[in-house]
Structures are given as structure tokens and as C-alpha cells.
Amino acid sequence: MIDAIAYKFQTGTQWMYLPEKYGNWRGVYNRLRVWAVDGTWERVFTALLAQADEEGDLDWVVSVDSTIVRVPSTLLGPAGRGPSRRAGRPRHRPVPRRG
């Protein structure tokens, strides 16, 4: 089961194209979801981190990115106070019916 989940995320394939050797893709997907909700993955990763830290395999290097991305003024909206309604996806407008 874990091999199937690892394969899916390593290859980026869609669930439905998971090789048959891993079994039914729906079963693998459902197990992943259940483990995510009930905290199984969090417990596994916490235990692995604790073990690696105990063995001295972790350096605990933290990297902070200070990149700044400036937004063009055309996307700021009126007086630069937020996104314009024109920015991004257009709003849905119903098509008038002919009667």
C-alpha cells in the first residue's frame, strides 16, 4: 500500500493509471485519505523525524526566502486598495433568454 502511494507521488501519475500490481487504485486512494484524516501519516513522520534526529542524521538547516513579487498597478484596482474585478477570472454573467 505504501509502495503504491509512493509510486503515485514520485511519478505524478493520476490515480486511475496506477499499475495493476498495486491493486485497485480506489482502494489505495481511500486508504491514503483515511490515514491522512486519522493522523496516521503525522505519527509516522513524527516517529521518523525523532529517530533520524536521535541518530544524528538531521542538520535542521532552515532556509528563508525573501523574494518579493511586485503586483502590476493594473491589478491593484481603484486607488491601489485591492484586486480589481477585471483581474483574474471573469465573473459569470447569465446569458439572456429569448422569449
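This text gives an overview of the structure that appears in the document. What you see is a predicted model; the values in this text were computed from it and never measured.

## So, the packing of aromatic side chains
- Enumeration over the complete set of coordinates arrives at five aromatic pairs.
- An angle of 40 degrees between the planes, with centres 5.4 Å apart, marks the rings of Y7 and Y22 as tilted. Residue Y7 is located in helix α1 (residues 2-11), and its partner Y22 is located in the loop between α1 and α2 (25-38); the two are separated by 15 residues in the primary sequence.
- Judged by relative accessible area, which is 24%, Y22 ranks as partly exposed.
- For the pair W15 and Y29, a centre-to-centre distance of 5.5 Å together with 70 degrees between the ring planes defines the contact as edge-to-face. One end of the pair, W15, is in the loop between α1 and α2; the other, Y29, is in helix α2, with 14 residues separating them in the sequence.
- A residue is classified by how much of its surface remains accessible, and W15, at 14% relative accessible area, is buried.

## Examining α2
- When the terminal C-alpha atoms of α2 are compared, their 20 Å separation across 14 residues agrees well with the 20 Å that a helix rising 1.5 Å per residue should span.
- Among the residues of α2, those classed as buried are V28, L32 and W35. The arc that holds every buried residue of α2, seen down its axis, measures 70 degrees, which confines them to one face.
- On the buried face of α2, the contacting elements are α1 and α3 (40-54).
- Directly after α2, the chain includes G39, whose backbone phi takes a positive value near 90 degrees.

## Points about the packing of α1 against α2
- At a minimum axis distance of 10 Å, the contact between α1 and α2 shows a crossing angle of 95 degrees. The angle between α1 and α2 places the two elements in the roughly perpendicular class. The residues of α2 that touch α1, namely those facing I2, A4, I5 and F9, are V28, L32 and W35.

Procedures and definitions
- Residues numbered from 1 in each chain as written.
- Predicted model: local features only at pLDDT ≥ 70, side-chain atom pairs only at ≥ 80, totals over all residues.
- Heavy atoms only, no water.
- Phe/Tyr/Trp six-rings, centres within 6.5 Å; stacked < 30°, edge-to-face > 60°.
- Helix = DSSP H or I, 4+ residues; strand = E, 2+ residues; numbered from the N terminus.
- Buried < 20%, exposed > 50% of the residue type's maximum accessible area, 1.4 Å probe, protein only.
- Expected span 1.5 Å × (residues − 1).
- Arc of directions from axis to C-beta.
- Contact = heavy atoms within 4.5 Å.
- Axes fitted to C-alpha atoms, helices over the stretch in contact; angles between N-to-C directions.
- Parallel < 35°, antiparallel > 145°, perpendicular 65-115°, else oblique.

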